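Summary of structural features
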Amino acid sequence: MSNMSDTQRPKASASHDAHNAVVTGQFGPQASAYLTSANHAQGADLEQLAAIARAHPNAQVLDLGCGAGHVSFFTAPHVARVVAYDLSADMLGVVAGEAAKRGLTNVDTQLGAAESLPFADASFDLVFSRYSAHHWADVGAALREMRRVLKPGGRVVICDVASTGQPLFDTYLQAVEVLRDTSHVRNYSAGEWLTMAAGAGFSVASLTPRTLDLDFKTWTTRMRTPAPMQVAIRALQTAMADSVRQHFKIQDDGSFTLDTLTLELIVG
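Residues numbered from 1 in each chain as written. Predicted model: local features only at pLDDT ≥ 70, side-chain atom pairs only at ≥ 80, totals over all residues. Heavy atoms only, no water.

Take the overall build of the chain next. The number of helices and strands found in the chain is 12 helices and seven strands. Across the 268 residues in the chain, those meeting the buried criterion constitute 53%. The long-range share in the chain, meaning contacts at least 24 apart out of those at least 6 apart in sequence, stands at 77%. Counting only carbon and sulfur atoms, one obtains 54% of the accessible surface of the chain, whose full area is about 11,200 Å². (Helix = DSSP H or I, 4+ residues; strand = E, 2+ residues; numbered from the N terminus. Buried < 20%, exposed > 50% of the residue type's maximum accessible area, 1.4 Å probe, protein only. Contact = heavy atoms within 4.5 Å. Areas by Shrake-Rupley, 256 points an atom, 1.4 Å probe, with all protein chains shown as cover.)

Following this line, the structure appears as structure tokens:
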């Protein structure tokens, strides 16, 4: 599918490469855990992506930051082809194996970073990304790459954990996220997403807020969060103001709720 030369492709900086190495180190060993994760394998956002896919039966789809491949598995039965794209070769191995097990012969895998896509201009009708963008070193660059590989009339849909945009809540959210997972970069607010999308030449077709309930033990076990980091998260949860505990619905065992959004973009 790719006919783009290395000289045409955006170049990752040394800092991006270093961060990407952290991402692959975090996720590679836990690839199978993400395949069986209930939070990743189901949800209203996945159903929304499947509905969009059904409306485009001849589509070429890019599942960007595919992880264990749940977006690919939900959309592949309804479209012509899905390219599952991720930084982690281990994740892609899980995707290929599971796609074969499910008989999804139209799912291909490709290794790479979101900020430098190895695809020609106007290659895809749909670009989907779910629970990946908060790991990207440069979301603006990734959005520009999505726009480049999108065909005229195509659309991008991004699903991710979201910041409320309120400073206290935002500080708490980013702190617990990076304590749990050192490859975390940032959860962005709806306003930040709209600004970045506009900067990449997109306009917003829809924005759907949702919430996600997380069991603390499952959440930390899936990422192999070290015990001292888990203790720090629990201490922070306890020390925060009541408004924080109430907003995130922090329970006695550390379980809590996050805000998410699904952002549907078209070329503006």
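Judged by side-chain polarity, Leu194, Val204 and Leu207 come together as a nonpolar surface patch covering roughly 200 Å² of accessible area. Within the secondary structure, Leu194 is located in helix α9 (residues 190-199). Under the relative-accessibility criterion, Leu194 is labelled partly exposed at 35%. (Patch = residues over 30% accessible without salt bridge, like charges linked within 9 Å, V, L, I, M, F, W, Y side chains within 5 Å. Salt bridge = Lys/Arg side-chain N within 4 Å of Asp/Glu carboxyl O.)

Further remarks concern the pairing of strand β2 (residues 81-86). Where burial is concerned, most of β2 is hidden: five out of the six residues are buried. As paired strands, strand β1 (residues 60-64) and β2 are joined by five bridges and run parallel to one another. Counterpart to Val61 in the pairing with β2 is Val82. As for the winding sense of the linkage, the β-α-β connection from β1 through helix α5 (residues 70-75) to β2 is right-handed. (Pairing = 2+ DSSP bridges. Right-handed = clockwise from strand over helix to strand, strands pointing away.)

This next bit is on the environment of His134. With respect to the secondary-structure elements, His134 resides in the loop between β4 (124-130) and α7 (139-149). For His134, a relative accessible area of 10% gives the class buried. A sequence separation of 26 residues divides His134 from Asp160, and the C-alpha atoms of the two residues are 7.3 Å apart. Ignoring anything within four residues of it in the chain, the contact list for His134 reads Asp160, His184, Val185, Arg186 and Asn187.

With respect to the element layout, Glu115 can be found in the loop between β3 (107-111) and β4. In this structure the side chain of Glu115 is engaged in a polar contact, spanning 3.0 Å, whose partner is the backbone nitrogen of Ala137. (Polar contact = N/O pair within 3.5 Å; in protein donor to acceptor, adjacent residues only side chain to side chain.)

With that settled, consider the environment of Val94. Among the secondary structure elements, Val94 is positioned in helix α6 (residues 89-102). With 25 residues separating them along the chain, Val94 and Gly69 place their C-alpha atoms 7.9 Å apart.

Another point: the packing of aromatic side chains. Applying the stated criterion across every chain, the model contains seven aromatic pairs. Their ring planes at 75° and their centres at 5.7 Å tell us that Tyr188 and Trp193 sit as a pair that is edge-to-face. By relative accessible area, which is 11% here, Tyr188 ends up buried. Taking the relative accessible area as the measure of exposure, Trp193 reaches 0% and is therefore buried. The ring of Phe216 carries Arg234 above its face, with NZ or CZ at 5.9 Å from the centroid. (Phe/Tyr/Trp six-rings, centres within 6.5 Å; stacked < 30°, edge-to-face > 60°. Lys NZ or Arg CZ within 6 Å of the ring centre and 35° of its normal.)

With that out of the way, let us pick up the environment of Val267. By secondary structure assignment, the location of Val267 is in strand β7 (residues 256-267). Residue class for Val267 comes out partly exposed when judged on its relative accessible area of 35%. In the structure, Val267 is positioned 111 residues away from Val156 in sequence and 8.9 Å away in space, judged by C-alpha atoms. Excluding residues that lie within four positions of it along the chain, Val267 makes contacts with Arg147, Leu150, Gly201, Phe202 and Ser203.

This brings us to the nonpolar core. Grouped together as the largest cluster of nonpolar side chains are 28 residues, with contacts concentrated most on Leu62, Leu64, Val127, Leu143, Met146, Trp193 and Phe202. Among the elements of the structure, β1, β2, β4, α7, β5 (150-161), α9 and β7 are those that each provide at least two residues to this core. At five residues, the largest contribution of residues to this core is made by α7. Once residues lying within four places of it in the same chain are set aside, the contact partners of Leu64 are Tyr85, Ala114, Leu117, Val127, Phe128, Ser129, Arg130, Ser132, Trp136 and Met146. Core analysis: the next-biggest nonpolar cluster, separate from the first, contains 22 residues, Val61, Leu92, Val95 and Val157 among them. (Core = buried A, V, L, I, M, F, W, Y, C linked by side-chain atoms within 4.5 Å.)

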